[in-house]
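Fold and geometry: a report
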Amino acid sequence: MTDFQDLSAFLAVVRAGGFREAARTAGQSASSLSEAVRRLEASMGVRLLNRTTRSVAPTEVGARLAERLAPAFGEMEAALDVVNHFRDRPAGTLRINVPANVARTVLQPIIFPFLERYPDIRLEIVVEDSFVDLLAAGCDAGIRYDERLELDMVALPIGPRVQRLVTAASPTYLAKHGRPTHPRELLQHRCMRGQFAGGRIPAWEFEKNGEVVLVEPQGPLLVRQGSAFDLAVEGAIASLGIIHLFDDWLRPALESGALVTVLDDWVQEFSGPFLYYPGRKHLPSPLRAFVDFIREASSG
């Protein structure tokens, strides 16, 4: 019978996208994981991973095996986690998949008091803007906006229930280039743009009295969505151009006066994000603790 630990090692490598990252998260050496995968491939008589000096990716049969193993391992972990209910306090690892803006604007005020209350829980935040299959990605829960929630999941509101995208620039930039009064005037300005991991550059969307305007301005700086937005914010502060971003992300610069908003009557508002997770009867105790913590914060 194929060794359980070898299957676990293979799944860890697929989830992490490589031996080194899998070793870091699993607390094992990369060489031991590599040897486990080799044993598994030898016992099954098929290649499960394509390896190069720069990347590791599952073969077609490896991807199908990982897809079937992920929920099975999830159920086993949930079964073992029942033991945690007999402990004085929850313990274990909680892995949450979130977009970059959520990690920055929603989670920061939540995770520190949560980890202070539950010191035996280890929280892993996976930042990913694209749509993901939670179980296949090896995550316990995710945070997404309403239109990007996975089907057949339990959804719980988390963070502010209304969020805003604002447009801003430095006073120096506006003094030199003028203040736009309509979104289409941004086409004559230098703007900081963001790009999704897949390469798409989203248009800037504005709304006023039911009128929706999409513009695709140009500018000196293009950043991949995520923490690189901090670089775009610094560029706006340095008067390189105009930025369009979540007001929570820009708040420190706005409060200090380093940036000022423009097109205030065209600000777009939308509903806040949701924590979502599989509707299992028995949730892993770290996830149950987090769900209860969010519900407590919402009711308070």
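Structural notes, computed from the coordinates. (Residues numbered from 1 in each chain as written. Predicted model: local features only at pLDDT ≥ 70, side-chain atom pairs only at ≥ 80, totals over all residues. Heavy atoms only, no water.)

Regarding the sheet that holds strand β3 (residues 92-98)
Read across the open sheet, the 5 strands follow the order β4-β3-β5-β15-β6; overall the sheet is mixed. With one partner strand each, in any of the chains shown, β4 (121-127) and β6 (153-157) form the two edges of the open sheet. Across the sheet, the axes of successive neighbouring strands diverge by a mean angle of 25°, strand direction being ignored. As defined by bridge partners, β3 adjoins strand β5 (residues 141-144) across 2 bridges and the pair is classed as parallel. Of the residues in β5, the one forming a bridge with N97 is G142. Along the sheet, helix α10 (residues 285-299) makes contact with β3, β4, β5, β6 and β15 (274-278), crossing β3 at roughly 60°. (Pairing = 2+ DSSP bridges. Helix = DSSP H or I, 4+ residues; strand = E, 2+ residues; numbered from the N terminus. Axes fitted to C-alpha atoms, helices over the stretch in contact; angles between N-to-C directions. Contact = heavy atoms within 4.5 Å.)

Observations regarding the pairing of β15
β15 sits mainly inside the fold: 5 of its 5 residues count as buried. Here β5 pairs with β15 via 3 bridges, running antiparallel. Across the sheet, R144 pairs through a bridge with F274, a residue of β15. Two elements, β6 and β15, share 5 bridges in a ladder whose sense is antiparallel. Looking across to β15, one finds that M153 is bridged to P278. (Buried < 20%, exposed > 50% of the residue type's maximum accessible area, 1.4 Å probe, protein only.)

Digging into helix α3 (residues 30-44)
Compared with the 21 Å implied by 1.5 Å per residue over 15 residues, the 21 Å span of α3 between its first and last C-alpha is a close match. L33, S34, A36, V37, L40 and E41 are the residues of α3 that are buried. End-on view of α3: buried residues confined to an arc of 160°, all on one side of the axis. Facing away from the buried side of α3, by more than 90 degrees, are the exposed residues S31, A42 and S43. At the exit of α3 stands G45, carrying a positive phi of roughly 75°. (Expected span 1.5 Å × (residues − 1). Arc of directions from axis to C-beta.)

Points about the pattern of salt bridges
Tallied over the entire structure, the rule returns 13 salt bridges. With its nearest N and O atoms 3.2 Å apart, the salt bridge here joins R64 to E60. Pair noted here: R64 and E60 are both in helix α4 (residues 60-81), with a separation of 4 residues, about one helical turn. For the pair R64 and E60, one class covers both residues: exposed. One salt bridge in this structure joins D292 and R288, with 3.5 Å as the shortest N-O distance. Here R288 and D292 lie together in helix α10, a separation of 4 residues that amounts to about one turn. Looking at D292, the relative accessible area reads 36%, which means it is partly exposed. One network of salt bridges, in which partners are shared, links R95, R122 and E124. (Salt bridge = Lys/Arg side-chain N within 4 Å of Asp/Glu carboxyl O.)

Some points on helix α6 (residues 108-117)
Among the residues making up α6, those that are buried are I110, I111 and F114. All buried residues of α6 fall inside an arc of 85° around its axis, so they share one side. Facing away from the buried side of α6 by more than 90 degrees, the exposed set consists of P109, F112 and E116. Those residues of α6 that are buried are in contact with β3, β4 and α10.

Describing a nonpolar patch on the surface
On the surface, M44, V46 and V61 cluster together to form a nonpolar patch covering roughly 210 Å² of accessible area. According to the relative accessible area criterion, V61 is partly exposed, its value standing at 41%. (Patch = residues over 30% accessible without salt bridge, like charges linked within 9 Å, V, L, I, M, F, W, Y side chains within 5 Å. Areas by Shrake-Rupley, 256 points an atom, 1.4 Å probe, with all protein chains shown as cover.)

A word on the side chain of D140
Looking at where D140 falls in the secondary structure, it is placed in the loop between β4 and β5. Apart from residues no more than four positions distant in its own chain, D140 is found in contact with T93, L94, R95, Y277, P278, P284 and L287.

A closer look at unusual backbone geometry
Residues other than glycine seldom take positive phi values, yet S239 does so here, at roughly 70°. Relative to the elements of secondary structure, S239 occurs in the loop between α8 (229-237) and β12 (243-246). We classify S239 as partly exposed; its relative accessible area is 22%. Its identity as a non-glycine residue notwithstanding, L263 has a phi of 55°, on the positive side. If you trace the backbone, L263 turns up in the loop between β13 (260-262) and β14 (268-271).

Describing the side chain of T105
Locating T105 in the fold gives a position in helix α5 (residues 100-105). Judged by its relative accessible area of 11%, T105 falls in the buried class. From its side chain, T105 meets the backbone oxygen of N101 in a polar contact 2.6 Å long. The residues contacting T105, other than those within four sequence positions of it, are Q163, D248 and W249. (Polar contact = N/O pair within 3.5 Å; in protein donor to acceptor, adjacent residues only side chain to side chain.)

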